[in-house]
Protein chains: 2
Amino acid sequence: MPATPHVEKHFLGSQSVRDVVIGMADGLTVPFALAAGLSAAVSSTHVIVTAGLAEIAAGAIAMGLGGYLAARTDQEHYASEERREAFEIDHMREHEVTELRHIFSEHGLTGDALNQVVSALSADKRRWVDFMMRFELGLEKPDPKRAPISAATIAVSYLGGGLIPLIPYIVGNDVRVALHESVIYTGVALLLFGAVKGRLTGVSIFKSSVQTLLVGALAAGSAFFLASRFG
Amino acid sequence: MPATPHVEKHFLGSQSVRDVVIGMADGLTVPFALAAGLSAAVSSTHVIVTAGLAEIAAGAIAMGLGGYLAARTDQEHYASEERREAFEIDHMREHEVTELRHIFSEHGLTGDALNQVVSALSADKRRWVDFMMRFELGLEKPDPKRAPISAATIAVSYLGGGLIPLIPYIVGNDVRVALHESVIYTGVALLLFGAVKGRLTGVSIFKSSVQTLLVGALAAGSAFFLASRFG
């Protein structure tokens, strides 16, 4: 048995899975809803496929690059907080010692135990900074190699999810028929995706499936209603 | 001076700001890119506005409800990990004590100091669980009131961001003219949004503006290219 089994359950591989979930959740929902909405307003599958492909390209790039920049910002944020913490330890040492005492006295330490842990943690600046970063600020050192992998994973997942609702419009010419097929294919895909997501996040599979389907249905229904009123 | 100034700088109010940034980043980019892409393929501003409104409705609902469900999942995840940690402390006490010793010995504690802090933290089950949740798992107790506020903030920000690129198509009839105006309005909005985002996340304002503009330009350019080839 490894030393910290649930930490590993949380963190190993789960970041890529999380990126797939992020990309696919929106990829299955938004292009589906857009195609369904346009089905209420235009009679050409060609226009719907054009709009759908443009949306998928835009969404995959916006979400992928957004994920990339967010990961980069996390890195810069971590580095700047780390510098600030090190600066405060150098220049406001008494204040930082008080913070350390406060953390442990809130966790029930008093007297000798409190003094000992505070003086041991504050004896080594590197470890002191690490402890404050993790405990006071709740920040973990981000992996610099994540950003590009994360971006590509989100973008490809969005693309993969987004093509499912479009397939009936690509292969068929009748908008109504394509809409019905798209609703069925995407409905099944949303239920399956919701089930997998539920399993991965430890939520009830049934509940997660139904919720995911409902989000897709609500988005598509609203887009359809709006487009039929306006179009 | 408050006890922990940078904690407050991080957490107070920043969650709503983060939600605005999440919604607006995609809201300014995806409807803009969709409208630009369709401008290459269709000659009716009416079709573009219909597609744009359908996309905004779908995107706002998908992102808003997605944010709501993610916040709910965080709550359930926290509760289930808390139960697991409490169970392990009850049933695998020696193992959990070893984990606690391991955390503090990695932070440089030895001998008497290590024994004292481990026995003080493990004396109270409630505090022990809290410490492990925060330090070992890096989890903070989520605020149950956040989920609906977060959902609404993301959705409204997506809607607000998404209407900016559509305005020229709504008020004008010439697709080319509307495209040019939309590029200018959205370009300015992306630069301003990037500047504000840079200021809030502590990244260089210039860099953040340019990056945000580039993401929008790349998404819109790809959508335009794809639609002009296909449409």
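See the structure printed just above.
What counts as what
- Each residue is numbered by its place in its chain's sequence as written, counting from 1.
- Written order decides the labels, with chains lettered from A and ligands numbered from 1.
- Confidence filtering applies because this is a predicted model: local features only for residues at pLDDT of at least 70, side-chain atom pairs given and counted only at 80 or more, and all residues used for totals across whole chains, interfaces and linings.
- To obtain the side-chain values, all non-hydrogen atoms of the structure were used and water was disregarded.
- Where helices and strands are cited, they refer to DSSP runs of H or I of at least four residues and of E of at least two residues respectively, numbered from the N terminus.
- With the radius of gyration taken over C-alpha atoms, the globule rule is written as 2.2 Å times the number of residues to the power 0.38.
- Categorising residues by exposure relies on relative accessible area from a 1.4 Å probe, with only protein chains included: less than 20% of the type maximum marks a residue as buried, more than 50% marks it as exposed, and the intermediate range marks it as partly exposed.
- Contact definition: two residues touch when any of their heavy atoms are within 4.5 Å.
- In this description, buried area is defined as the sum, over both parts, of the accessible area (probe of 1.4 Å) that is lost when the two are combined.
- Any carboxyl oxygen of Asp or Glu within 4 Å of a side-chain nitrogen of Lys or Arg constitutes a salt bridge here.
- Under the rule applied, a polar contact is a pair of N or O atoms within 3.5 Å (in protein, one hydrogen donor and one hydrogen acceptor; residues adjacent in sequence only if both atoms are side-chain atoms).
- The residue classification treats Ala, Val, Leu, Ile, Met, Phe, Trp, Tyr, Cys and Pro as nonpolar and Asp, Glu, Lys and Arg as charged. All others, Gly included, are polar.
- Within this scheme a cavity is a closed region of a 1 Å grid, computed over the protein atoms alone, that accommodates a 1.4 Å probe without allowing it to escape, whereas a pocket is open but has protein on both sides within 12 Å along at least five of seven lines; lining residues each have an atom within 4 Å of a point.
- Grid points are joined across faces, edges and corners, and a volume is the space filled by probe spheres set on the points.

1. Here we look at the overall build of chain A
Right, so step 1: Secondary structure assignment for chain A yields 9 helices and 0 strands.
Right, so step 2: Ordering the α and β elements of chain A from the N terminus gives α-α-α-α-α-α-α-α-α.
Right, so step 3: A compact globule built from 231 residues should have a C-alpha radius of gyration of about 17 Å, whereas chain A, at 25 Å, is more than 25% larger.
Right, so step 4: The principal-axis extent of the C-alpha atoms belonging to chain A is close to 80 × 35 × 35 Å.
Right, so step 5: For chain A, the proportion of its 231 residues judged to be buried stands at 48%.
Right, so step 6: Contacts in chain A between residues far apart in sequence, at least 24 positions, make up 74% of those at least 6 positions apart.

2. Some remarks on the interface of chain B and chain A
A common way to state how big an interface is: give the accessible area lost once the parts meet.
Right, so step 1: Across the contact, 79 residues belong to chain B and 79 residues belong to chain A.
Right, so step 2: Note on chain B versus chain A: buried area summed over both sides is about 6,600 Å², and carbon and sulfur give 70% of it.
Right, so step 3: Of the charged contacts in the structure, one is a salt bridge between E76(B) and K207(A), with a shortest N-O distance of 3.2 Å.
Right, so step 4: Taken together, the links from chain B to chain A amount to 8 residue pairs in polar contact (both at pLDDT 80 or more).
Right, so step 5: Of all the secondary-structure elements, those providing two or more residues to the side of chain B that touches chain A are α1 (5-11), α2 (14-39), α3 (45-91), α4 (93-106), α5 (111-121), α6 (125-136) and α9 (205-230) of chain B.
Right, so step 6: For the side of chain B that touches chain A, the residue count by class is 43 nonpolar, 18 polar and 18 charged.

3. Some points on the environment of F87(B)
Right, so step 1: Along the polypeptide, F87(B) turns up in helix α3.
Right, so step 2: Sequence separation between F87(B) and V129(B) is 42 residues; the distance between their C-alpha atoms is 9.8 Å.

4. Quick word on empty space enclosed by the protein
Right, so step 1: For the structure shown, the criterion picks out 3 cavities of 30 Å³ or more.
Right, so step 2: The computed volume of the largest cavity comes to approximately 70 Å³.
Right, so step 3: In this structure, the largest cavity is lined by D26(A), V30(A), E55(A), G59(A), M63(A), Y158(A), D26(B), V30(B), E55(B), G59(B), M63(B) and Y158(B).
Right, so step 4: Where the lining of the largest cavity is concerned, the elements lending two or more residues are α2 (14-39) and α3 (45-91) of chain A together with α2 and α3 of chain B.
Right, so step 5: Its residues assigned to classes, the lining of the largest cavity comprises 6 nonpolar, 2 polar and 4 charged.

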